[in-house]
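Structural characterization, general
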Amino acid sequence: MSRESGRKKIIWAARQMPVLTLLAERFKTNPPLVGVRVAACLHVTAETANLARVLKSGGADLSLCASNPLSTQDDIAQSLRSDYKIKVYAKRGVNSKEYYKNIAECLASKPNLTVDDGADLVTQVHSKNKRLLKNIWGGTEETTTGVVRLRALAKSGKLKYPIVAVNDALSKHLFDNQYGTGQSTIDGILRATNILLAGKVAVVAGYGWCGRGVALRLKGMGCRVIISEVNATKALEAIMDGYQVMPLIKAASLGELFITCTGDIDVITSDHLKLMPDGAILANAGHFDVEINIKDLDKLSSQKTLVRHELTEYKLKNGKALYLVAEGRLVNLSAAEGHPAAVMDLSFANQALSLEYLVKHQGLLKPAVYPVPAEIDKEIAQLKLKALGVSIDTLTPKQAKYLSSWQTGT
Ligand code: NAI
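Residues numbered from 1 in each chain as written. Predicted model: local features only at pLDDT ≥ 70, side-chain atom pairs only at ≥ 80, totals over all residues. Heavy atoms only, no water.

Let's talk about the pairing of strand S11 (residues 281–284)
Burial along S11 is two-sided: the face carrying Ile281 and Ala283 and the face carrying Leu282 and Asn284 are both buried. Pairing of strand S10 (residues 257–260) with S11 involves 4 bridges; the strand directions are parallel. Paired with leucine 257 across the two strands is isoleucine 281, which belongs to S11. The pairing of S11 with strand S14 (residues 321–325) spans 2 bridges and is parallel. For isoleucine 281, the partnering residue across the bridge sits in S14 and is tyrosine 323. (Buried < 20%, exposed > 50% of the residue type's maximum accessible area, 1.4 Å probe, protein only. Helix = DSSP H or I, 4+ residues; strand = E, 2+ residues; numbered from the N terminus. Pairing = 2+ DSSP bridges.)

Structural notes on the site of the ligand
In the neighbourhood of the ligand, 26 residues make up the surrounding shell, with Thr143, Thr144, Thr145, Glu229 and Asn332 lying closest. Backbone polar atom of tryptophan 209 to an oxygen atom of the ligand: 3.1 Å apart, as the coordinates give it. A distance of 2.8 Å is found between a nitrogen atom of the ligand and a backbone nitrogen or oxygen belonging to alanine 285. Burial of the ligand by the surrounding chains reaches 87%, relative to a free accessible area of 850 Å². For the shell around the ligand, the element with the highest residue contribution is helix H9 (residues 176–193), accounting for 3 residues. (Near = heavy atom within 4 Å. Polar contact = N/O pair within 3.5 Å; in protein donor to acceptor, adjacent residues only side chain to side chain. Areas by Shrake-Rupley, 256 points an atom, 1.4 Å probe, with all protein chains shown as cover.)

Digging into the sheet that holds strand S5 (residues 138–141)
As a general point, the strands of a sheet are linked pairwise by backbone hydrogen bonds and lie either parallel or antiparallel. Reading across from one edge, S3-S2-S1-S4-S5-S6-S15 is the order of the 7 strands in this open sheet, with parallel pairing throughout. Of all the strands in the sheet, the pair left with one neighbour each is strand S3 (87–89) and strand S15 (369–371). Adjacent strand axes in the sheet meet at a mean angle of 20 degrees when their direction is disregarded. Alignment of strand S1 (residues 37–41) against strand S4 (residues 113–116), held across 4 bridges, turns out to be parallel. Each residue of the ladder has a partner; that of alanine 39, found in S4, is threonine 114. Contacting S1, strand S2 (61–65) and S3, helix H5 (residues 96–107) crosses the sheet at an angle of about 175 degrees to S2. (Axes fitted to C-alpha atoms, helices over the stretch in contact; angles between N-to-C directions. Contact = heavy atoms within 4.5 Å.)

Details of the packing of helix H2 (residues 18–29) against helix H3 (residues 46–57)
Taken N-terminus to C-terminus, the directions of H2 and H3 make an angle of 15 degrees; their axes are 8 Å apart at the nearest point. In terms of axis orientation, H2 runs roughly parallel to H3. As H2 runs across H3, the sense of the crossing is left-handed. Taking contact as the criterion, the partners of Leu20, Leu23, Ala24, Phe27 and Lys28 in H2 are, on H3, Asn50, Leu51, Val54 and Ser57. Residues belonging to the contact of H2 with H3 are distributed by class as follows: 6 nonpolar, 2 polar and 1 charged. (Parallel < 35°, antiparallel > 145°, perpendicular 65-115°, else oblique. Left-handed = near helix turned anticlockwise from the far one by under 90°. Nonpolar A, V, L, I, M, F, W, Y, C, P; charged D, E, K, R; others polar.)

Let's talk about the confidence of the model for the chain
Averaged over every residue, the pLDDT of the chain is 97; the share at 70 or more is 100%. Mean pLDDT values over the elements of the chain span from 96, in helix H15 (residues 331–334), up to 99, in strand S7 (residues 201–205). (pLDDT = per-residue confidence, 0-100.)

Overview of the sheet that holds strand S9 (residues 244–245)
Taken together, 8 strands build an open sheet; the order of strands is S9-S8-S7-S10-S11-S14-S13-S12 and the sheet is mixed. Because the sheet does not close on itself, it has two edges, and the strands there are S9 and strand S12 (301–308).

Here's the deal with the pattern of salt bridges
Under the definition given, this model contains 18 salt bridges. Of the charged contacts, one joins lysine 360 and glutamate 356 as a salt bridge, the two residues approaching to 3.9 Å between their closest N and O atoms. Here lysine 360 pairs with glutamate 356, and both are found in helix H16 (residues 341–360), just 4 residues apart, close to one helical turn. Three or more residues are tied together by salt bridges with common partners; here these are Asp187, Arg191 and Glu337. (Salt bridge = Lys/Arg side-chain N within 4 Å of Asp/Glu carboxyl O.)

Notes on the environment of lysine 158
Along the chain, lysine 158 turns up in the loop between helix H7 (144–155) and strand S6 (163–165). Judged by relative accessible area, lysine 158 falls into the exposed class, the value being 55%. Apart from the residues within four sequence positions on either side, lysine 158 is in contact with His126 and Leu153.

If you want it as C-alpha cells, here you go:
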C-alpha cells in the first residue's frame with residue numbers, strides 16, 4: 001500500500017463528508033486554531049485524515065498518533081506525512097511498547113489541546129507527563145469508553161483540564177455508535193470470515209448504542225439475534241425491538257457468532273467459551289480488547305492458528321474449535337476500515353467545532369467533563385440535513401408559544 005492509495009482514499013472519503021468540507025472552508029477563511037498545538041490520538045483512517053485537514057486549514061499545529069495498535073491504515077499515514085505535512089506517529093500492528101512510544105512522541109509536541117479516542121492521551125498526561133499540564137487548555141473525547149474513564153478521573157478529583165465529551169453529542173452517538181458501528185462491525189466480520197449471515201444465531205452482548213446498531217444490521221441480514229444485557233431498561237427495549245434476551249451463559253451454547261459491544265471487561269470468559277458450539281466465531285466491537293478474555297481462550301486451547309487474515313482458530317482441549325476475529329480488538333477498525341465517512345462527517349464536525357469552542361473559552365472552563373454545546377450539536381444536524389438536500393418544517397410563532405407554555409390544556 002502506497003502514499004498514492006492513501007491520498008486517493010482520503011479524497012474519496014472527503015466526498016462523503018460535506019459538513020467537514022464546509023468547516024474546512026470556514027476554518028480557512030476565518031482560522032480559529034492559528035498557532036494552537038493539537039495532539040490527537042485517533043484511529044488513523046481516511047476519515048481522520050479529513051479531520052486533520054480541517055484542523056490544519058484552521059491553523060493548528062497537529063501531531064497525530066493511533067488510538068489502537070491495529071487500526072492504523074499505513075497508506076493513509078504515509079499520505080498524511082507526505083501530502084499534508086502532518087506529523088503522524090502510527091504504524092499498524094505495533095506492540096504495546098511501540099504504541100505508548102508513539103503516544104509519547106505525539107505528546108512531545110507540548111500540546112495546548114488534546115483529542116482522544118479512548119482517553120489514552122489524557123491518561124498519559126495525568127500519569128507520566130504531568131509537566132505538560134501547564135500548556136494544556138482543554139481536550140475532547142470521541143468514544144463512550146473514553147468518556148467513562150474521564151468521568152471517573154473527574155470524580156476522583158484528579159482531572160486537571162476541561163474535556164468536551166464529543167461522544168455524548170446527539171449528532172455523534174445516535175449516528176456513529178449506532179449506524180456506523182452497526183454497518184462496519186458486520187463489514188469487519190465478513191471480511192475476516194466471509195460467512196453467510198442468513199440463518200445464523202448471533203449473540204450481541206450489550207444493547208447500548210453500538211449493540212442496537214449491530215443487532216439491527218444482523219437481523220436485516222437474516223440472523224436470529226439474541227441479546228445479553230445487565231441493564232433492565234435496555235433489556236426491555238431489546239425485547240420490544242423483537243429480540244430474544246437471556247443471560248450470556250445461557251446464550252453461550254446457542255450462538256454461532258458472538259459480538260461484544262459493552263465497553264465492559266470479561267464479558268466472555270472461560271465459563272462461556274467452554275459451552276460454545278464447535279465453530280463459533282467471536283468478535284469484539286467495544287473500544288478495548290478486554291471484553292473477550294483472550295487469556296482464558298489461550299488457557300483452554302491446545303493450538304492456535306491464523307487461518308485467514310484477522311481470523312485465528314483456537315483448537316480447544318475439549319475437541320471443539322473457536323474462531324477469534326482481529327485478536328479481540330475492535331473488529332470494525334482492525335478487520336475493516338472503520339465507520340463509513342458519511343457518519344464520521346458528523347462525529348468529526350463535533351470534534352472540529354468543540355476544539356474551536358475550547359479555544360474561544362480558554363481559561364474560562366474548570367477541569368470537568370462538559371457536553372458539546374447544544375447549539376453546536378444542533379448546527380451539525382442542520383448542516384448534514386442541508387447537505388443531504390432535506391428540508392424540514394419550522395415552528396410557527398403560535399406553536400413555539402404553545403410548546404413553551406402551561407396555560408392551554410383540555
Ligand atoms: P452504551 O453505554 O450505550 O452501551 C453499552 C451497553 O452494554 C449498556 O447498555 C450496558 O448496560 C451494557 N453492558 C455493560 N456491561 C455488560 C455486560 N457485562 N453484559 C452485557 N451488557 C453489558 O455504550 P456504546 O456507545 O454502545 O459503546 C459500547 C462500546 O463500544 C464502548 O467501549 C465504546 O467506546 C465502543 N465504541 C466502539 C465503536 C467502534 O467503532 N467499534 C464506536 C463507538 C463506540
